[in-house]
Every structure is written in C-alpha cells, then in structure tokens.
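Report on the structure
Listed here are the chains, written in short residue letters.
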Amino acid sequence: DEIYYGISNIGVKPTIDEHFETGLETYIFDFNENLYGSYLEVQLLYHVRPEQKFASFDDLKNQMYEDAEFGKNYVKNMKELFF
C-alpha cells in the first residue's frame with residue numbers, strides 16, 4: 001500500500017449548488033492518475049477551516065489554492081519533524 005498526501009473537503013459545496021448532499025472530495029498532491037472506481041482510505045490529519053459559501057467561483061478557486069498550499073506545507077513540516 002502506498003501513502004499519498006492531499007487535502008480534503010467534507011461538505012455540501014454551497015458555492016457550487018446548495019442542493020448537494022454531503023460528500024468527501026480529496027485532492028492528492030502531485031498525482032495525475034485516474035482513480036475512479038478505486039477504493040481508497042482517507043485519514044484526516046488536521047482541520048484547516050470550516051466550509052463556507054464564497055461570493056464567486058474565482059474566490060472559491062483562490063481559497064482552494066491557498067488551502068492546498070497550506071496542506072503541502074503542513075505535510076512538509078510533519079515529515080521534517082517525524083521522518
């Protein structure tokens with residue numbers, strides 16, 4: 001089994017559509033393969049922020065970029081401390 005790091009969203013995507021059911025989406029850092037139909041185990045390490053509705057899709061994309069950068073730095077610091 002391989003370990004990959006990423007950042008996840010658990011929620012209802014209020015900026016996209018207020019009628020989504022609660023779901024989990026995970027963006028895996030530096031990964032470009034098709035995993036649809038695969039079974040994955042996701043372990044949550046740190047809660048960054050609560051879900052929120054953004055004024056625009058561009059605002060959401062900017063926040064997602066910031067969240068991913070936070071996650072990459074978190075993983076880097078964690079590896080430096082423990083590995």
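Above this note sits the structure.
Because the structure is a prediction, the values reported are computed rather than measured.

Attention shifts here to the packing of aromatic side chains. One pass over the structure, following the stated rule, counts 5 aromatic pairs. The interplanar angle of 70 degrees and the centroid separation of 4.9 Å between the aromatic rings of Tyr4 and Phe31 together place this pair among those described as edge-to-face. Here Tyr4 is found in the segment before strand S1 (6–11), whereas its partner Phe31 is found in the loop between strand S2 (23–28) and helix H1 (57–82), with 27 residues between them in sequence. The exposure class of Tyr4 is partly exposed, given its relative accessible area of 43%. Relative to Phe29, the ring of Tyr27 has its centre 5.9 Å away and its plane inclined at 70 degrees; by these criteria the two rings are edge-to-face. Site record: aromatic cluster; members linked through ring pairs are Tyr46, Phe70 and Tyr74. The ring centre of Phe20 lies 4.4 Å from the NZ or CZ of Lys13, which sits over that ring.

This next bit is on unusual backbone geometry. Backbone geometry follows two general trends: most residues other than glycine have a negative phi, and most peptide bonds adopt the trans configuration. Despite not being glycine, Lys13 shows a phi value in the positive range, around 55 degrees. Note on placement: Lys13 falls in the loop between S1 and S2. Phi is positive for Asp30, which is not a glycine, with a value near 50 degrees. By the secondary structure assignment, Asp30 is in the loop between S2 and H1. Its relative accessible area of 74% is what places Asp30 among the exposed residues.

We now examine a negative patch on the surface. On the surface, Asp1, Glu2, Glu33 and Glu41 cluster together into a patch of negative charge. On the secondary structure map, Glu41 appears in the loop between S2 and H1. Judged by relative accessible area, Glu41 falls into the exposed class, the value being 66%.

Below, the discussion takes up the pattern of salt bridges. For the coordinates displayed, the defined rule picks out 4 salt bridges. Across the pair Asp67 and Arg49 runs a salt bridge, and its minimum N-O distance is 2.7 Å. Of this pair, Asp67 sits in helix H1 while Arg49 sits in the loop between S2 and H1, and the two are 18 residues apart along the sequence. What makes Asp67 buried here is its relative accessible area of 11%. For the salt bridge of Lys72 with Glu69, the shortest nitrogen-to-oxygen distance reads 3.8 Å. Here Glu69 and Lys72 lie together in helix H1, a separation of 3 residues that amounts to about one turn. Judged by relative accessible area, which is 31%, Lys72 ranks as partly exposed. Given a relative accessible area of 29%, Glu69 falls into the partly exposed group.

The rules we used
Here the residue numbering is sequential within each chain, running from 1 through the sequence in written order. Residue-level local features of this predicted model are given only where pLDDT is at least 70; pairs of side-chain atoms are given and counted only at 80 or more, and the full residue set underlies all totals for whole chains, interfaces and linings. Side-chain numbers come from the whole structure's heavy atoms, not from hydrogens or water. Any two rings among Phe, Tyr and Trp, with Trp reduced to its six-membered ring, count as a pair given centres within 6.5 Å; such a pair is stacked if its planes are under 30 degrees apart, edge-to-face if over 60, and tilted if neither. A run of H or I in DSSP counts as a helix once it spans at least four residues, and a run of E counts as a strand once it spans at least two, with each numbered from the N terminus. Remark: exposure states derive from per-residue accessible area (1.4 Å probe, protein chains only) relative to the maximum for the residue type, with buried under 20%, exposed over 50%, and partly exposed in between. For a ring to carry a charge above it, either NZ of a lysine or CZ of an arginine must fall within 6 Å of the ring centroid while also lying within 35 degrees of the normal to the ring plane. By definition, no residue in a patch forms a salt bridge, and every one has over 30% relative accessible area; like charges are joined within 9 Å, nonpolar side chains (Val, Leu, Ile, Met, Phe, Trp, Tyr) within 5 Å. Here the open area of atoms and residues is found with the Shrake-Rupley method and a 1.4 Å probe, where only the protein chains shown may cover a residue. Any Lys or Arg side-chain nitrogen located within 4 Å of an Asp or Glu carboxyl oxygen qualifies as a salt bridge. In this tally Asp and Glu are treated as negative and Lys and Arg as positive; neither His nor the chain ends contributes. We put the charge of a Lys on NZ, of an Arg on CZ, of an Asp on CG and of a Glu on CD.

Function cannot be inferred from these measures alone, as they are strictly geometric.
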